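Structure assessment
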Amino acid sequence: MHSSWQVQRVARVVRQGGVIAYPTEAVWGLGCDPWDELAVGRLLALKDRPVHKGLILVADSIQQFDFLLADLPERWIDRLASTWPGPNTWLVPHQERLPVWITGQHDSVALRVSDHPRVRDLCALTGPLVSTSANPAGRPAARSRLRVEQYFHGQLDAVLGGALGGRRNPSLIRDLRTGDVIRPS
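Residues numbered from 1 in each chain as written. Predicted model: local features only at pLDDT ≥ 70, side-chain atom pairs only at ≥ 80, totals over all residues. Heavy atoms only, no water.

In the UniProt entry, the feature "domain: YrdC-like" (unreviewed entry) is given for residues 4–185. Between the C-alpha atoms that bound residues 4–185 the distance is 30 Å, and the span itself is 32% helix and 21% strand. (UniProt positions renumbered as here; feature names shortened; annotations may be inferred. Helix = DSSP H or I, 4+ residues; strand = E, 2+ residues; numbered from the N terminus.)

Shown next, in the form of structure tokens:
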């Protein structure tokens, strides 16, 4: 996988604790290093999102989530592998392997392996990223870079340019344990 200088620059910003915006399959996302409590706190403050709701993590491959998946039933791993990469977010038991500022009040964490080339290139350099829609609470998700700039003017550390992936709706969210749909696509 060959990443452009823009992707490398934004990955460096993430590693230095920055909050970024980037295009995803359907809407613009905000992201940061999920292990960086200060960065996640800034991202939540920008969105006016309470920490107890939890956040989605996005990766470029199922292997980036091995630390969470290692001892889960094989049928669950097969279920994940059959829907990734793609617009499928799964609620996976986190077994206390992630910080509370990511999981919120939940015993599971929302995981997705993106099929968007820019997201995959970025995650290949950073590891899993926080992925939440680029909008303040109660406002529509940004579908253009201009809207991202209007919402968060001067408050982001970097914006990764690129086009949205062409999907109309954010990813389907399902519970890995039950298969139940939590949010339709």
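So much for the structure itself; the text now carries on.
The final tally for this structure, using the stated rule, is seven salt bridges. The shortest N-O distance in the salt bridge between Asp115 and Arg167 comes to 2.7 Å. Of this pair, Asp115 sits in the loop between strand 5 (108–113) and helix 6 (117–126) while Arg167 sits in the loop between strand 7 (158–159) and strand 8 (172–175), placing them 52 residues apart in sequence. We classify Asp115 as partly exposed; its relative accessible area is 30%. For Arg145, the salt bridge goes to Glu149, with nearest N and O atoms at 3.7 Å. One end of the pair is Arg145 and the other is Glu149, both in helix 7 (residues 145–152) and four residues apart, which spans about a single turn. The class for Arg145 is partly exposed, based on a relative accessible area of 39%. Given a relative accessible area of 31%, Glu149 falls into the partly exposed group. (Salt bridge = Lys/Arg side-chain N within 4 Å of Asp/Glu carboxyl O. Buried < 20%, exposed > 50% of the residue type's maximum accessible area, 1.4 Å probe, protein only.)

A separate point is the pairing of strand 5. Within strand 5, six of the six residues are buried, which leaves it mostly tucked inside the rest of the structure. Of the two faces of strand 5, the one holding Ser108, Ala110 and Arg112 and the one holding Val109, Leu111 and Val113 are both buried throughout. By the bridge criterion, four bridges tie strand 3 (residues 56–59) to strand 5 in an arrangement that is parallel. Looking at strand 5, one finds that Ile56 is bridged to Ala110. Note that strand 4 (residues 88–93) and strand 5 share five bridges and pair antiparallel. Bridge pairing in strand 5 links Leu91 to Ala110. (Pairing = 2+ DSSP bridges.)

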